[in-house]
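Each chain is listed here by its residues.
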Amino acid sequence: MKLSVVILNYNVRYFLELCVQSVQAALKDIPSEIIIIDNNSLDDSCAMVKAKFPELRLIENKENVGFSKANNQAVRVAQGEYVCILNPDIVVTENTFQELLQFSQKKPKKLGIISCRLIDGSGQFLPESKRNFPTVAVAFQKLIGLSRHYYANQIEEFAETEVEVLAGALMFLKRSLYTTLNGFDEDFFMYGEDIDLSYRACQLGYKNYYLGTTTVLHFKGESTMKNTAQSKRFYEAMQLFYKKHLKANIFIEVLVNITSALAPYIPNKRHPAKRHDKKFVFLKSPSKWLENKNLAAVDSIKELPENTYFDVVLDLNYFDFQSVIEYVNTTKNKFISHKFRPKNCSYFVGSDSSMQRGEVVHFDKFESRSYF
């Protein structure tokens, strides 16, 4: 078997369904398996997987054991030569895994972890796609809202090159390397585990790579950094990273402790974008069934009135995943946001930006709710 895709789920049933549909399309010609591990979700995620994807391997934990432990648990039963750790709020294209495999096979010596260019639901590039190792000074700068050195801005967005740290939302590597690294450090419950794994790969002489030529959709982006409790968890993870990897001295210890202590009380300067009342319209969908639900369809967003907010729904019954991601990537309009209808589903999902929580809209009832 060539590839095992591991998807860790926690209470994101609707995004998970879209994710799995995209992964299945991308694995069509690859000997592969999909392993879904669920951290005791309280929605009907597991029931959905059993009903709609009975051929997949589902692991149901009875408690939330965290990101690191759950992924390690799944990889232990994986059979693929390669493994891809994937968030459930990711949408890949039909070519994503082929491109990652092709790159891996042409760089066989000391190949570490690979990831790619991430964009949010509005098509904006997510800078966490490529990062530098977070020195204490860099982490402190990020705390006060200066992220220039935290992200690998010295690397061009569409480059294909070595990088120090990759995002845990998508990490692609040989399963043998994952085993050599002993997987994610389970002392990291949430946040920091991707930095730690990237760092340990480099310490062993492996080279991590960022593929800016391959783009996937990541709805959530940095939305988990919006409140003080989550910000505090991030800096506690950094504290654990420094204690583990940096030589202890009184200056570092004091600075790390101060940074972690201040984290909950310094407001995040990146405020969520304002939500607007929006009208829904489907793009290039057959109009017959839409008319029965009082829904409209257009062939182009140029048909929409100017200066009016719209949610444009991209229906995966009529688009392939490659086309959807290319469309979102190239369509930038402050009045237009995008939502995505999975195949054969009566809802659509999406998020207006990386600073907003994802949402689900059941178009039969037009009930919208925040999801993450």
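Residues numbered from 1 in each chain as written. Predicted model: local features only at pLDDT ≥ 70, side-chain atom pairs only at ≥ 80, totals over all residues. Heavy atoms only, no water.

**Some details on the overall build of the chain**
- A count of helices and strands for the chain gives 11 helices and 16 strands.
- Considering the chain as a whole, with its 372 residues, one finds that 56% of them fall into the buried category.
- Of all intrachain contacts in the chain linking residues separated by at least 6 positions in sequence, the fraction that spans at least 24 positions is 75%. (Helix = DSSP H or I, 4+ residues; strand = E, 2+ residues; numbered from the N terminus. Buried < 20%, exposed > 50% of the residue type's maximum accessible area, 1.4 Å probe, protein only. Contact = heavy atoms within 4.5 Å.)

**Regarding the packing of helix α1 (residues 13–26) against helix α2 (residues 45–52)**
- It is the contact of α1 with α2, at a shortest axis distance of 9 Å, that shows an interaxial angle of 30°. Classified by the angle between their axes, α1 and α2 sit roughly parallel to one another. The way α1 lies across α2 gives a crossing that is right-handed. Residues R13, L16 and E17 of α1 lie in contact with α2, whose contacting residues are S45, M48, V49 and K52.
- In terms of residue class, the contact of α1 with α2 is made up of 3 nonpolar, 1 polar and 3 charged. (Axes fitted to C-alpha atoms, helices over the stretch in contact; angles between N-to-C directions. Parallel < 35°, antiparallel > 145°, perpendicular 65-115°, else oblique. Left-handed = near helix turned anticlockwise from the far one by under 90°. Nonpolar A, V, L, I, M, F, W, Y, C, P; charged D, E, K, R; others polar.)

**Brief notes about the pattern of salt bridges**
- Going through the model one piece at a time under the given rule, you end up with 14 salt bridges.
- Close ionic contact of E60 with K50 constitutes a salt bridge, the shortest N to O distance being 2.9 Å. Placement of the pair is E60 in strand β3 (residues 57–60) and K50 in helix α2, with a sequence separation of 10 residues.
- The partly exposed category is assigned to E60, whose relative accessible area is 34%.
- For K339, the salt bridge goes to D311, with nearest N and O atoms at 3.0 Å. Of this pair, K339 sits in strand β13 (residues 336–341) while D311 is found in strand β12 (residues 310–315), placing the two residues 28 residues apart along the sequence. Of the two residues, K339 and D311, both sit in the buried class. (Salt bridge = Lys/Arg side-chain N within 4 Å of Asp/Glu carboxyl O.)

**So, the pairing of strand β4 (residues 82–86)**
- Among the 5 residues that make up β4, 5 are buried, leaving the element largely enclosed by the rest of the structure.
- The side-chain alternation of β4 yields two buried faces, one formed by Y82, C84 and L86 and the other by V83 and I85.
- Note: strand β1 (residues 3–9) against β4, 5 bridges, orientation parallel. Each residue of the ladder has a partner; that of I7, found in β4, is L86.
- The pairing of β4 with strand β8 (residues 170–174) spans 5 bridges and is antiparallel. Each bridged residue has a counterpart across the sheet, and for L86 the counterpart in β8 is L170. (Pairing = 2+ DSSP bridges.)

**Concerning the packing of aromatic side chains**
- Considering all chains together, one arrives at 11 aromatic pairs under this definition.
- Look at F15 and F219: their rings are 5.2 Å apart centre to centre, the planes differ by 70°, and that puts the pair in the edge-to-face class. Taken together, the residues span a long stretch of sequence, with F15 in helix α1 and F219 in the loop between β9 (207–218) and α8 (228–245) at a distance of 204 residues. The two residues F15 and F219 agree in class, both being buried. (Phe/Tyr/Trp six-rings, centres within 6.5 Å; stacked < 30°, edge-to-face > 60°.)

**What to know about the nonpolar core**
- By size, the foremost hydrophobic cluster in this structure holds 37 residues, and its most contacted members are L3, V5, I7, V23, L86, F97 and F172.
- If you tally residues by element for this core, the top one is α1, at 5 residues.
- If sequence neighbours within four positions are ignored, I7 has contacts with L16, C19, V20, V23, I34, I35, I36, I37, L86, N87 and P88.
- In terms of nonpolar packing, the next biggest core, distinct from the first, is built from 29 residues, I59, F125, L173 and L177 among them. (Core = buried A, V, L, I, M, F, W, Y, C linked by side-chain atoms within 4.5 Å.)

**Brief notes about unusual backbone geometry**
- Residue N182 is not a glycine yet carries a positive backbone phi of 60°.
- Looking at the element boundaries, N182 is found in the loop between α6 (175–180) and α7 (193–203).
- For N182, a relative accessible area of 64% gives the class exposed.
- Even without being glycine, N307 reaches a positive phi, approximately 55°.

**As for the confidence of the model for the chain**
- Averaged over all residues, the pLDDT of the chain equals 84, while 76% of them reach at least 70.
- Every residue in residues 221–226 scores below 50 in pLDDT, and together they form 24 contacts with partners more than four places removed in sequence or on other chains.
- Long-range and interchain partners of residues 367–372, a stretch whose pLDDT sits below 50, account for 28 contacts in this model, where long-range means more than four residues apart. (pLDDT = per-residue confidence, 0-100.)

**Here we look at the environment of H362**
- Inspection of the secondary structure puts H362 in strand β15 (residues 359–362).
- Distance in space between the C-alpha atoms of H362 and Y347 is 4.2 Å, their sequence separation being 15 residues.

**Details of the side chain of T331**
- Tracing the backbone through its elements, the reader meets T331 in the loop between α11 (321–330) and β13.
- Given a relative accessible area of 12%, T331 falls into the buried group.
- In this structure the side chain of T331 is engaged in a polar contact, spanning 2.8 Å, whose partner is the backbone oxygen of Y327.
- Those residues in contact with T331 that lie beyond four places of it in its chain are S122, I301 and H338. (Polar contact = N/O pair within 3.5 Å; in protein donor to acceptor, adjacent residues only side chain to side chain.)

**Looking at the environment of A201**
- Relative to the helices and strands, A201 is located in helix α7.
- Distance from A201 to G112, taken between C-alpha atoms, is 6.2 Å for residues 89 residues apart in sequence.
- In this structure, A201 is in contact with I113, L181, Y206 and N208, ignoring residues within four places of it in sequence.

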